[in-house]
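# Observations on the three-dimensional arrangement
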Amino acid sequence: MDTLQVLVLLTALQALAAFAMGGIALAVGGERLALTKSLVALGFAALGGYFALSLASFLLAGAGPQWANTRTLSSLLAQFSNLLHLGLLGLALWIARHRQPLRKRLVVAVVLAALAGALILTLPGAFDLQAGALRNLLRLGVRSLITALAYAAIALVILRHRPPEGRSLGYWLVLCAFGLLALFNAVNASLFFVPDWLPLAPEASAWLQLGLLLSLLLLAIAMLVWLQERTQAVVEARTITAERMVHLDEASGLANRNGLLKRIEDSTGPNTPLTLLVLHVQRFALLERTLGPAWALEALRRLGEALGRGRPHQLLGVARVDSDRLAVAIAADGSLADADVLARRREAENTALTLGHPVAVSFGYAVRQQREAAATLLASACLAQEKAEASGMRMLRFEPEQARSDADEVEIVGALYRALGEDQLFLEFQGIFEAGSGELDSVEALIRWRHPSQGLLPPGRFLPAAERNGLMGEIDAWVLDRVCRRLRERREQGLPLVPVAMNLSAGSLLDAGLVAAVEAQLRRNGLPPSLLELEITESAAMLDPGRASSVIDALRALGVRVALDDLGTGYSSLSHLRDLRSDRLKIDRSFIGDPKPFGRAIAAAIAALGRSLGTDVVAEGVETPEQLAFCRAAGVPKLQGWLLHRPSTEWPPLRVALPGQAAGGDAPPI
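I will try to describe carefully the structure that is included in this document. (Residues numbered from 1 in each chain as written. Predicted model: local features only at pLDDT ≥ 70, side-chain atom pairs only at ≥ 80, totals over all residues. Heavy atoms only, no water.)

## Side note on the sheet that holds strand β6 (residues 361-367)
What counts here: Each pair of strands is called paired provided DSSP finds at least two bridges between the two strands. For the purposes of this entry, the term helix denotes a DSSP run of H or I that reaches at least four residues, the term strand denotes a run of E that reaches at least two, and both are numbered from the N terminus. The contact definition used throughout considers only heavy atoms, calling two residues in contact when any of these lie within 4.5 Å. Lines fitted to C-alpha atoms define the axes here, with helix axes fitted over just the stretch in contact, and angles between the N-to-C directions of these axes take values from 0 to 180 degrees.
Reading across from one edge, β1-β2-β4-β5-β3-β6-β7 is the order of the 7 strands in this open sheet, with mixed pairing throughout. A single partner strand is all that each edge strand has here, and the edge strands are β1 (248-249) and β7 (395-397). Across 6 bridges, strand β4 (residues 315-322) lies against strand β5 (residues 325-330) in antiparallel orientation. Bridged to Gly317 within β5 is Ala329. Here helix α8 (residues 257-267) sits on the sheet and contacts β2 (254-256), β3 (275-281), β4 and β5; the angle it forms with β4, its principal contact strand, is near 155°. Set on the sheet, helix α10 (residues 293-308) makes contact with β2, β3, β4, β5 and β6; between it and β4 the angle comes to about 155°.

Here is the structure:
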């Protein structure tokens, strides 16, 4: 095989190698490298086109003068493809280096520059058959020089650039391949610029083309390796970023719930001592609205730093586990855990005092005892914190009994929902009587629950749970409906009617639809409003004094009576009596049954206050003749208690015989 045939074969192989490299570039790399790999693929497709067109031009050189124009056009397209190849590689490198979007006018500039360069390299001597030396100098010498300089510049840029994932094997292979391409093109150019080397050109060209072919194959392998490394690096970076987002609360800079549990899982085993302390910032939403989100987040960060102080070898992590709740994990149990928790609590409370605004915090913590999972322990600590805050305590340690009581409460509330629709609830009525005559003044309706498996449940067994779980609105509506029905039935039967009182929960008192609901029930049953009395506690009214006062005024304007229940056990401010303006005051049973003079003095004072205000007064819990005698002596006009009448599903008697009163004054029950 002579030199000419070798050159033709090597040029064809170079074209195939260039097209293959374009396919490789297009096939590898992730979405983040889509633009870069597309430019690289187009660039090497253009290089393949250059080799193919150069081969066609070379073969047409000896085909006769009739092919001169075709050979010139082929040569022009070949030079354009080569320069376009260099321009597209430069664009891809610029985008990868600066991470900027590709601009349309930049692409147009590259294409126009490649076309202009191709015209400059092709047109001089293109139609002059005697200008072969000029054509070789421009098309081979100058082109090789431009290509060598371009490859050298690309290699220099790659050398000065340090990829985010570091200089890997693929990086060095790409750098080496571009360096060899620059070297072989520079040697090829020198054959045409150095006169003494020109005779060597025909023989040296074959070796140079072989070197270029091997360099292109090396570049193909290098690109495959480097792009794969870049893709892997991008995937790993995405994974790290996603994991960071899953485990980090970006707003505060602290770990989130998932991050804390992951850190505990990575650092401990099921038998490792573990304590979780939870801090709750009370009224955090209000602080955030009034002082701004930036202040609130800074407060959380500083409280988190305070929780992180202490014994560093025991600290596992601090996290924001809720919008207004922080948690710290400690590798300790027993007395060490208690001591560490107290120390971190003091740090957090001291920090709360320095925030420039009153910030109240409460704490709860749980200690691993029986291989509990970290998530379970965190839930237990949150439960302890909620109970501490609800009971007015600063901190509470979780005990297993709390979980059992909560499970009981969940069961009770679920059964109570069913009881409302299955007629398991019923009312008992207890009379309120005149202290002097024993005549029936009014009746109080008391709710009871006949549980299908537990039997008769007292109100204290289920009403607190209903209050905590937002069920009292439905219960109050049920009682109101049953009371109005009972009054309507007695009226339709022509039986004597007296006002019936029912207890009203705090939620119902502050409900905007309460007055309309009461009015609708009275109208539906055709009852005068004076037959209904609603009992509210002082504590319930003080949850929102302004709202409670306006609701009470609306009820009294409707004609419904309002009684202030459990007087003396709540906030006990005389201004409340003025603002709430109730029709009746009910002295709590704790004062009536108190054997000490102080308690009875309070009861006597409430009775005197009621007389001064012109407000009716009722003594609750009258159970002994001595308590009855005290109430009479204190001037309490109305009495309620087991001594007079026990609660019953039957209507109370119209009169009862009081101790010291003649039995003949009794009236039969109706």
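## Here we look at the pairing of β6
Condition: Burial classes follow relative accessibility: with a 1.4 Å probe on protein chains only, a residue under 20% of its type's maximum area counts as buried, one over 50% as exposed, and anything between as partly exposed. Viewed with both strands pointing away, a crossover whose connecting path from the first strand over the helix to the second turns clockwise is right-handed.
Judged by how many residues are buried, β6 sits mostly within the fold: 7 of 7 residues are covered. Side chains Val361, Phe363, Tyr365 and Val367 of β6 all project onto a buried face; the interleaved residues Ser362, Gly364 and Ala366 project onto the opposite face, where all are buried too. In terms of strand pairing, β3 meets β6 through 7 bridges, oriented antiparallel. Along β6, the bridge assignment pairs Val278 with Gly364. Two elements, β6 and β7, share 3 bridges in a ladder whose sense is parallel. Residue pairing in the sheet places Phe363 in a bridge with Met395 of β7. The parallel pair β6 and β7, bridged by helix α12 (residues 374-390), forms a crossover whose chirality is left-handed.

## Some words on the pattern of salt bridges
The line we're drawing: Between Lys or Arg on one side and Asp or Glu on the other, a salt bridge is scored when a side-chain nitrogen of the former is within 4 Å of a carboxyl oxygen of the latter.
Scanning the model with the defined rule gives 28 salt bridges in all. Across the salt bridge formed by Arg584 and Asp441, the nearest N and O atoms sit 2.6 Å from each other. Remark: Asp441 occurs in strand β9 (residues 440-451) and Arg584 occurs in strand β14 (residues 584-587); sequence separation between them is 143 residues. A relative accessible area of 0% places Arg584 in the buried class. One salt bridge connects Asp441 with Lys638, and the closest N-O pair in it is separated by 3.4 Å. Of this pair, Asp441 sits in strand β9 while Lys638 sits in strand β16 (residues 638-639); the two residues are 197 residues apart in sequence, bridging distant segments of the chain.

## A short note on unusual backbone geometry
Keep in mind that most residues, glycine aside, have a negative phi and that most peptide bonds are trans. Backbone geometry at Arg371 places phi at a positive 60°, although glycine is not the residue there. Judged by relative accessible area, which is 53%, Arg371 ranks as exposed. You will see that Asp423, though not glycine, has its phi angle at about 60°, which is positive. Checked against the element boundaries, Asp423 lands in the loop between α13 (400-421) and β8 (425-434).

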